[in-house]
Each structure stands twice: as C-alpha cells, then as structure tokens.
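Coordinate analysis (summary)
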Amino acid sequence: LKKCTAFVKKIKGGTAWSMKPDDIVRDVATLNLSRYVEEVVAAILEGNIKVTDIPAVLSLCKAMHHRYPDFLGNLSQGLWAVISGKVSDETGKNRRIYVRIVTEFLLNGFTTETKPLLK
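Given the structure is predicted, the values throughout are model-derived calculations rather than measurements. (Residues numbered from 1 in each chain as written. Predicted model: local features only at pLDDT ≥ 70, side-chain atom pairs only at ≥ 80, totals over all residues. Heavy atoms only, no water.)

**Some thoughts on the packing of helix H3 (residues 37–46) against helix H4 (residues 54–67)**
Convention followed: Angles run from 0 to 180 degrees between N-to-C directions of axes, and those axes are lines fitted to C-alpha atoms, restricted for helices to the stretch in contact. Under the scheme used here, helices are H or I runs from DSSP no shorter than 4 residues and strands are E runs no shorter than 2 residues, and both carry numbers assigned from the N terminus. An angle counts as roughly parallel when it lies under 35 degrees, as roughly antiparallel when it exceeds 145, as roughly perpendicular when it falls between 65 and 115, and as oblique in every other case. Throughout, a crossing is termed right-handed when the near helix is turned clockwise from the far one, and left-handed when it is turned anticlockwise from it by less than a right angle. Every residue pair with non-hydrogen atoms within 4.5 Å of one another is taken to be in contact. Only Asp, Glu, Lys and Arg are considered charged, only Ala, Val, Leu, Ile, Met, Phe, Trp, Tyr, Cys and Pro nonpolar, and every remaining residue, Gly among them, polar.
For the pair H3 and H4, the least separation of the axes is 12 Å and the interaxial angle reads 160°. Of the possible angle classes, the one that applies to H3 and H4 is roughly antiparallel. Where H3 crosses over H4, the handedness of that crossing is left-handed. Mapping the contact onto sequence places Val37, Val40 and Ile44 in H3 and Val57, Leu60, Cys61 and Met64 in H4. Residues that form the contact of H3 with H4 fall into these classes: 7 nonpolar, no polar and no charged.

**Re the nonpolar core**
Applicable threshold: The nonpolar core is taken to be a set of buried Ala, Val, Leu, Ile, Met, Phe, Trp, Tyr and Cys residues, with the residues joined through side-chain atoms within 4.5 Å. Between buried and exposed lies partly exposed: a residue is buried under 20% and exposed over 50% of the maximum accessible area for its type, with that area taken using a 1.4 Å probe on protein chains only.
One finds Trp17, Leu33, Ile44, Leu60, Met64, Phe71 and Phe105 to be the most contacted residues of the largest nonpolar core, which totals 39 residues. Listing elements by their share of this core, those giving two or more residues are helix H1 (2–13), helix H2 (21–30), H3, H4, helix H5 (70–84) and helix H6 (89–107).

**A few points about H6**
Formally: Take the number of residues in a helix, subtract one, and multiply by 1.5 Å to get its expected span.
Here H6 contains 19 residues, and its C-alpha end-to-end distance of 28 Å stays within 8% of the 27 Å for a straight helix at 1.5 Å per residue. Buried within H6 we find Asn94, Ile97, Tyr98, Ile101, Val102 and Phe105. Looking one or two places after H6, you find Gly109, whose phi comes out positive at around 85°.

Okay, structure coming up:
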C-alpha cells in the first residue's frame, strides 16, 4: 500500500516523468494499482506535462492500458474534453500535448478513432 501511494504521489507531483520509461513500466507491473486507476488518470490530466515528458507519460499509459483495461477509456474521455473544449491560455498548451499523446495512441494501435482528431 505504501509503494502504491508513493508511486501515485510521484505521478501527481510530476517527479515520475524524470524516471526512465522502463522503471515506470516495471513499477506498474509490480504494483497493484487497480484502486488508483482514476487517480492516475486525474494526475495525468491535471499535471503540468511538458513536451520532454511525453515519452514517460506514454510508457505509463501503455503499461496501465495493458494491465487495467478501463484506464484508456477514462483517460481518452478527459483528453478529448480538453482537446475539443474552449481554448484558453491554460488549455492551449495542454491541448497541443494531448493531441500528441492521442496521436501516439493511434500510431501504437491503442485507439482507432481518428474522426475527432481530424476535426
């Protein structure tokens, strides 16, 4: 339980993005994060993700998707809400990063919906 909450805190604080992608995948594989799926989704959506953090975020998303099937559905809803929502100064930066994340999901075969992305 301590290790799970510590890992979720790393994601919420943004310190997990400085970890190696292999370490993130190993942590997701060894920890039981089934109770924390919604918290991880919220931490990704609310976090201050930079362009340099995208590989670590993608490795986390891939590992979470393989282990917890409902993760990608919850994350996609939040990503599309920001992408298709009103543009403001705060959401403009996040929108660009989220579009890159969704594009990577398409390229890796995690999702097949291209219609909203083309809009």
